[in-house]
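Report on the structure
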Amino acid sequence: MPNLAYVHVLLPLIAYLVARALLSRYAQRIGTAVPGVLTGCGAILALLLPGQPTGAAFAFVIDALGAIALAAAGFEAGRTMPPRKSADGSAARTLRRSIAFFVPAITGMAVALGFGFLYNAPLATMAGAALTLAAALWLCVEPGVYSLAAAGIALILARAGQFPEATTVAWSIGVAMAILAMGGALSRSAAQASGAFMAAATIALAWAAHSAGAPWPAAGLAAGFAVGLARGSALRGISARRSVVLAPLGVLGPGAGFIVIEAAYALAFIAGLSLAPRALATLLPVAFAVAGAAVAASALRGLLSGEHAVSLPSDALAVAALLSFSQADILGDAAIAGFALAYVVSAPFVRGASVVRTGAPAETSIKAVIGVSGSDESVSAVSFAAAIGGSGEPVRVACVAATSGNQGPSLAEAEEALVRCVVAGASEGIRVLPSVISAASVAAGLARSAMERQADAILLGTSVRQKQGAEEQHAVLSETLEAFQGTVIALSRPKRFASAGRLVAVAVSSVEKTPEFERALVAIARVWGRPTRTMDGLIIGGQAEALADAASGMLDPRAIVSVQSWRDVPAALSSLGSRSPGFVVFTARPGTASWNPGHERLPVVLAGAFPESPVALWFAPVRGQAETAQNKTPPSSRAPEEPHPDAWPPLLSAAYDSGRVLQNMPEEALVDAIRRLTDTMFPTDKVASGRLATAFSAIARKEPIELAPGVLLLHAHADGVALPTLAIGSNPGGWPLVALSSPVRITVILVSPSAASAESHLEALTQIAMAFRNLDLAGHLLGA
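Residues numbered from 1 in each chain as written. Predicted model: local features only at pLDDT ≥ 70, side-chain atom pairs only at ≥ 80, totals over all residues. Heavy atoms only, no water.

1. Examining the pattern of salt bridges
Any two side chains of opposite charge can pair, on the condition that their charged atoms come close. The criterion, for reference: The salt bridge criterion pairs a side-chain nitrogen of Lys or Arg with a carboxyl oxygen of Asp or Glu, the two atoms within 4 Å. Here the term buried applies to any residue with accessible area under 20% of the maximum for its type, exposed to any over 50%, and partly exposed to those in between, with areas from a 1.4 Å probe on protein chains only. Each helix is a run of H or I in the DSSP string that is no shorter than four residues. Each strand is a run of E no shorter than two, and both are numbered from the N terminus.
In total, this model carries six salt bridges according to the counting rule given. When the shortest N-O distance is used, the salt bridge between Glu667 and Arg676 registers 3.5 Å. The exposure class of Glu667 is buried, given its relative accessible area of 18%. A salt bridge links Arg675 to Asp679; its shortest N-O distance comes to 3.0 Å. In this pair, Arg675 and Asp679 are both assigned in helix H28 (residues 670-681), four residues apart and thus about one turn of the helix distant.

2. Description of the sheet that holds strand S14 (residues 725-735)
As a reminder, the rule being used: Strand pairing is assigned whenever DSSP detects at least two bridges linking the two strands. Two residues form a contact once any of their heavy atoms are found within 4.5 Å. To get an axis, a line is fitted to the C-alpha atoms, and for a helix only the part in contact is used. The angle between two axes follows their N-to-C directions and goes from 0 to 180 degrees.
Spatial strand order, S11-S14-S15-S13-S12: five strands in an open sheet with mixed pairing. Edge positions in the sheet fall to strand S11 (661-662) and strand S12 (705-708), since each has one partner strand and no second. Across three bridges, the pairing between S12 and strand S13 (residues 711-718) is antiparallel. Residue pairing for S13: Glu706 is matched across the bridge by Leu712. Sitting on the sheet, H28 touches S11, S13, S14 and strand S15 (744-753), and the angle it makes with S14 is about 155°.

3. As for the environment of Ala739
With respect to the helices and strands, the residue Ala739 is situated in the loop between S14 and S15. The exposure class of Ala739 is partly exposed, given its relative accessible area of 43%. Those residues within four positions of Ala739 in sequence are excluded, and the remaining contacts are Ala700, Arg701 and Pro704.

4. Examining the pairing of S13
Counting buried positions along S13 gives seven out of eight residues, so the element sits mostly inside the fold. Remark: two residues form the turn of the hairpin made by S12 and S13, two consecutive strands paired antiparallel; Gly710 in that turn has positive phi of roughly 85°. As judged from the eight bridges shared by S13 and S15, these two strands associate in the parallel manner. Paired with His717 across the strands is Ser752, a residue of S15.

5. Some details on helix H6 (residues 103-118)
Here is the rule we go by: Expected span of a helix: the number of residues minus one, times 1.5 Å.
In this model, H6 (16 residues) spans 22 Å end to end at C-alpha, consistent with the 22 Å of a helix rising 1.5 Å per residue. Where H6 is concerned, the buried positions are Val103, Pro104, Thr107, Gly108, Val111, Ala112, Phe115 and Gly116. Residue Asn120 follows H6 closely and has a positive phi angle near 55°.

6. Quick look at the nonpolar core
For soluble globular proteins, the rule of thumb is that nonpolar side chains tend to be buried together. Note the following rule: Definition used in this section: a nonpolar core is a set of buried Ala, Val, Leu, Ile, Met, Phe, Trp, Tyr and Cys residues joined via side-chain atoms within 4.5 Å.
Counting residues in each nonpolar core, the largest one holds 120 residues, and the members touching the most others are Phe384, Leu459, Phe586, Trp618 and Val748. In this structure Leu459 touches Ala368, Val369, Ile370, Gly371, Ala381, Phe384, Ala385, Ile388, Ile489 and Leu491, once residues within four positions along its chain are discounted. Ala297, Ala320, Leu331 and Tyr343 belong to the second largest nonpolar core, which has 77 residues in total.

7. A word on the sheet that holds strand S9 (residues 581-587)
Spatial strand order, S3-S2-S1-S4-S5-S10-S9-S6-S7-S8: 10 strands in an open sheet with mixed pairing. Of all strands in the sheet, those bounded by a partner on one side alone are strand S3 (432-439) and strand S8 (560-563). For this sheet the average axis-to-axis angle between neighbouring strands, irrespective of direction, equals 20°. The sheet contacts of helix H19 (residues 411-427) involve strand S2 (395-402) and S3, and relative to S3 the element is tilted by about 160°.

8. Some thoughts on the packing of H19 against helix H30 (residues 758-774)
Where we set the bar: Any angle that falls under 35 degrees is termed roughly parallel, while one over 145 is termed roughly antiparallel, one within 65 to 115 roughly perpendicular, and all others oblique. Crossing handedness is read from the near helix: turned anticlockwise from the far helix by less than a right angle, it gives a left-handed crossing, and turned clockwise, a right-handed one. Nonpolar residues are Ala, Val, Leu, Ile, Met, Phe, Trp, Tyr, Cys and Pro. Charged residues are Asp, Glu, Lys and Arg, and all others, Gly as well, are polar.
One can describe the packing of H19 onto H30 by two numbers: an axis separation of 9 Å at closest approach and a directional angle of 20°. Of the possible angle classes, the one that applies to H19 and H30 is roughly parallel. Read as a crossing pair, H19 and H30 show a hand that is right-handed. Across the interface between the two elements, Glu415, Leu418, Val419, Val422, Ala426 and Ser427 of H19 pack against Ala758, His761, Leu762, Leu765, Thr766, Ala769, Met770 and Arg773 of H30. Considered class by class, the residues forming the contact of H19 with H30 number nine nonpolar, three polar and two charged.

9. Some remarks on unusual backbone geometry
Phi is positive for Asn120, close to 55°, though the residue is something other than glycine. Mapped onto the elements of the fold, Asn120 is located in the loop between H6 and helix H7 (123-139). In the Ramachandran plot, Asn664 falls in the positive-phi region, its phi being about 50° despite a non-glycine side chain. Judged by its relative accessible area of 51%, Asn664 falls in the exposed class.

10. A look at the packing of H6 against H7
When two helices pack together, their arrangement is given by the angle between the helix axes and by the axis-to-axis distance. Their axes nearest at 8 Å, the elements H6 and H7 cross at an angle of 145°. Both H6 and H7 take part in a crossing whose hand is right-handed. When H6 is examined against H7, the residues Pro104, Ala105, Thr107, Gly108, Met109, Val111, Ala112, Leu113, Gly116 and Phe117 are found in contact with a partner set consisting of Met126, Ala129, Ala130, Leu133, Ala134, Leu137 and Trp138. Here the residues of the contact of H6 with H7 are counted per class, giving 14 nonpolar, three polar and no charged.

In structure tokens, the structure reads:
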């Protein structure tokens, strides 16, 4: 490698940013394997670099990131620690949870002693390894307050024999007391003027804790917890004397969750960079043992604690503990590699972790019809509907076209809206079954569609922040609740549920008593991709114990709070963690006994307090309408099974046979390529071909639709074809198009007869979209 300036700094930085960007793009597919994949990327880069990165600068980066990640996690833990009363004080459950809590310590001890005796390691080394591994195990699964505290204590104990002199400890205590005194003084002045001081105070507290003997991750955790506790105290108005001293330290905002994630991911990459890949092969037995121990300990801990879902390694904070003592002889590189492997192996199961085992309703899937309006919200609801369905069945979407004399989208507009849903579903591997309905009103059309298809729910996209169209959306929602007696769900920013750091179930009192409540909890947790047990709960006008009892153990009673009025919701939610929360609001239908007009303000209140968070407004079905689609549909009327997906669809086979699939097209301009493709569809009618090519070229410039990056879709109805007709052209070099970020390498044109129904046209589009998604059609066309 040539002698490049700062190669050990700039090359890893560029590599990390590229890897992080790629993983963000495919985050939904990769899930919680991201830390493990980043560690692997770092290890690959370590093979390419001339020597391993070492020195004071590299150690500083590791210490700084470890302290920052755990300081942010500690801030959240302190901020989210209001006094909560457990709804279950049974001795058996308390004993089970106590045993579960110490599983990481027992596992760490077993692994460290086993390999310690095998390699004849000193007792002190085995003790340090056991404590370090226990800390990592406490941190690897959504750590709460007690897990974070245990991990911090374990990291401090692992430094036995490395503590500073008494004078240094005394100096550290003096610094901490001075910071608290300055905080008390500042609390009596303008709080806004102390923002810079607060950042300095947090760093100084961590520095003082480290000087007193705590490793940097534990020092950052302690400092962050103090700041978070102060912030939570100020918000909740408890312990006024403590707040006077500490409250000014709590000005850190809701960016803490972002800091936790990004700092931990950067640590995962650096952990891989610090590995010695060529020597790692000799430590594979230890790596596999650590991976197995991490998976087994996390799963056992979840089972013993009574969680109703699989608990597996998913949080990258564990890397901070491993890096703080990576020099331990019997852990070292093998432990880091083992945890990376555990993240990757666990990811597919964490994604489906919300499936409840015991005490859950027998049927947890909810078959839904999406009411499409053409907005981004309704298009994004495709993945939401697929998740609550949970059975791999196709997602049904419906758009109501206005009848003569009524307001609403035209048939062409409805068809275009459904096309975008088909494309959105195909991009995520979801088969979408679209339909256009003609009805006097949107609500009547959707209700008819849902009843004909034996659906459990109707999904509607909303945008509570946009005043334009808000009244119309509210009217459609109200009319739908009157017309359809099943579940109705109004969604805002549904695509963000999967990436939400927390999910809060907000229930209006008495709604939790409906028979469908448990099934709804399981379904929304499946959308989130995490166990129901990790959700927070809030009940309005009722007791926290009532919500815990209704959830039948699916919600942690310690994570449930209660308020008396919807007006108290913002204050109660302000104490929640800041990892980009999402909300599902279980509310009463208008006209029922538990309905209150003030409840309609809840979505607006949530949007004001958490403007970027996803919200699902969930209206339970009218009693007697909760029977599942599987039970309602007689065997004779069920839809036939879908054909096997690994065969080319007939539409594509016909295009190949008729010479309408053109590879390596020589045309340099997209307009010329489009004209050549339309000529293959209308070989004897050049006028029709030219007219259609002109229309398609205009659409490509103004409103292009991408089936996938680099794949342009053009579609229309026209005379001159008897059946839906397909033409495809490819150019590996690509055609530039200003409206798209990447060149068009494949152009897909579909033309259906003018008299063809929208359903047949959309079915053809679905076949094409799924061929690109599932059969690697793009690879075939580009000669891969």
